[in-house]
Amino acid sequence: MAATNRGAMLVAATQLFLENGYDRTSLAHIAQQAGVSRATLFKQFPTKAALFEATVLAAGSSPAPEPVDVPSEDFCAGLVTLGRAYAELLTRPEMAALMRTVIAESPRFPELRERTFDFGTLPVLTALGRYLRDAHASGVAEVDDPEMASAQFLGMIASSVFWPRLMHGTWSITDDERELVIEGAARTITARYATP
């Protein structure tokens, strides 16, 4: 029951924080929307700040992405596969709204910026880091700094797939355009790091 109540509270809080912002969302309204008493809400989340943090962290990490099956025989093809998984996460409808909320509230919650930086993309980041280290170890690529190479690759994708949508709510990209971005980023990283 506690887990069910917690889930209902987080769902209600996510909706209300995203719709109304932090200041205009009350704990009483969240409890009402979640169908729980205020006492139940306060037992789990003693302050609005604690509930906001839990809401952002939960929403940013779910639903869990499917495991990424990365082809290892072709360095560029592996990057394309990982790039597609990353772009899929970035284009989830809630991702831009969550990022806007964190940016708006970051002066009030500076620690939240660090804890939400990866926003549900950690499995892909982990897989990409492992892929680059394995490629380096096997001699397929010379990647001395996997973190830098990851940032370069994912930055090329995010700059076309995510950031324009964050800044301009009506902006969109077609599936074909997204695929061109991913393939271009993969080719750029391959040209930079793959061994001849």
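Only a predicted model underlies this, so the values are computations on that prediction, with no experimental measurement involved. (Residues numbered from 1 in each chain as written. Predicted model: local features only at pLDDT ≥ 70, side-chain atom pairs only at ≥ 80, totals over all residues. Heavy atoms only, no water.)

### Quick notes on the overall build of the chain
Step number 1: Looking only at helices and strands, the chain features 11 helices and zero strands.
Step number 2: Secondary structure of the chain in N-to-C order comes out as α-α-α-α-α-α-α-α-α-α-α.
Step number 3: Residues counted as buried form 42% of the 196 residues belonging to the chain.
Step number 4: Put simply, 71% of the contacts in the chain that link residues at least 6 apart link residues at least 24 apart.
Step number 5: As presented, the chain carries roughly 10,600 Å² of accessible surface, and 56% of it is formed by carbon and sulfur atoms. (Helix = DSSP H or I, 4+ residues; strand = E, 2+ residues; numbered from the N terminus. Buried < 20%, exposed > 50% of the residue type's maximum accessible area, 1.4 Å probe, protein only. Contact = heavy atoms within 4.5 Å. Areas by Shrake-Rupley, 256 points an atom, 1.4 Å probe, with all protein chains shown as cover.)

### Some points on a negative patch on the surface
Step number 1: A cluster of acidic side chains, namely Glu142, Asp144, Asp145 and Glu147, defines a negative patch on the protein surface.
Step number 2: As for its position among the elements, Asp145 is in the loop between helix H8 (122-138) and helix H9 (146-161). (Patch = residues over 30% accessible without salt bridge, like charges linked within 9 Å, V, L, I, M, F, W, Y side chains within 5 Å. Salt bridge = Lys/Arg side-chain N within 4 Å of Asp/Glu carboxyl O. Lys, Arg positive; Asp, Glu negative; His and termini not counted. Charge placed at Lys NZ, Arg CZ, Asp CG, Glu CD.)

### Focus on the packing of aromatic side chains
Step number 1: In the structure shown here, the tally under the stated rule is four aromatic pairs.
Step number 2: Plain terms: the ring middles of Phe17 and Tyr22 are 5.8 Å apart, the flat faces sit at 10° to each other, and that makes the pair stacked.
Step number 3: Plain terms: the ring middles of Phe75 and Tyr131 are 5.7 Å apart, the flat faces sit at 10° to each other, and that makes the pair stacked. Remark: Tyr131 occurs in helix H8 and Phe75 occurs in helix H5 (residues 75-90); sequence separation between them is 56 residues. The same class applies to Phe75 as to Tyr131, namely buried.
Step number 4: Members of the aromatic cluster, each reached through a chain of ring pairs, are Phe17, Tyr22 and Phe52. (Phe/Tyr/Trp six-rings, centres within 6.5 Å; stacked < 30°, edge-to-face > 60°.)

### Section: the side chain of Ser150
Step number 1: Within the secondary structure, Ser150 is located in helix H9.
Step number 2: The buried category is assigned to Ser150, whose relative accessible area is 10%.
Step number 3: Beyond its immediate chain neighbours, meaning those up to four positions away, Ser150 contacts Leu128, Gly129, Leu132 and Gly155.

### Description of the packing of H9 against helix H11 (residues 175-193)
Step number 1: Contact geometry for H9 and H11: axes closest at 9 Å, N-to-C directions at 160°. Our classification of the angle between H9 and H11 gives roughly antiparallel. H11 is crossed by H9, and the crossing has right-handed handedness. Residues Ala149, Gln152, Phe153, Met156, Ile157, Ser160 and Val161 of H9 form the contact with H11, whose participating residues are Arg178, Val181, Ile182, Ala185, Ala186, Thr188, Ile189 and Tyr193.
Step number 2: Its residues placed into classes, the contact of H9 with H11 shows 11 nonpolar, three polar and one charged. (Axes fitted to C-alpha atoms, helices over the stretch in contact; angles between N-to-C directions. Parallel < 35°, antiparallel > 145°, perpendicular 65-115°, else oblique. Left-handed = near helix turned anticlockwise from the far one by under 90°. Nonpolar A, V, L, I, M, F, W, Y, C, P; charged D, E, K, R; others polar.)

### What to know about the confidence of the model for the chain
Any segment with low pLDDT has predicted coordinates that should not be analysed in fine detail.
Step number 1: Per-residue pLDDT for the chain averages 84, and the proportion of residues at 70 or more is 88%.
Step number 2: Ranking the elements of the chain by mean pLDDT puts helix H7 (residues 110-115) last, at 64, and H11 first, at 97. (pLDDT = per-residue confidence, 0-100.)

### As for the nonpolar core
Step number 1: Core analysis: the biggest nonpolar cluster contains 34 residues, and Phe75, Leu79, Phe153, Ile157 and Phe162 have the highest contact counts within it.
Step number 2: If one sorts the elements of this core by residue count, H5 sits on top with 10 residues.
Step number 3: Residues contacting Phe162, with those up to four places away along its chain left out, are Leu90, Met95, Ala96, Met99 and Ile157.
Step number 4: Counting residues in hydrophobic clusters, the runner-up holds 20 residues, among them Leu51, Phe52, Val56 and Val102. (Core = buried A, V, L, I, M, F, W, Y, C linked by side-chain atoms within 4.5 Å.)

### Side note on the environment of Ala39
Step number 1: Position of Ala39 relative to the elements: it lies in helix H3 (residues 38-44).
Step number 2: Overall, the relative accessible area of 52% leaves Ala39 in the exposed class.
Step number 3: For the pair formed by Ala39 and Ala28, sequence separation is 11 residues and the distance between their alpha carbons is 10.0 Å.

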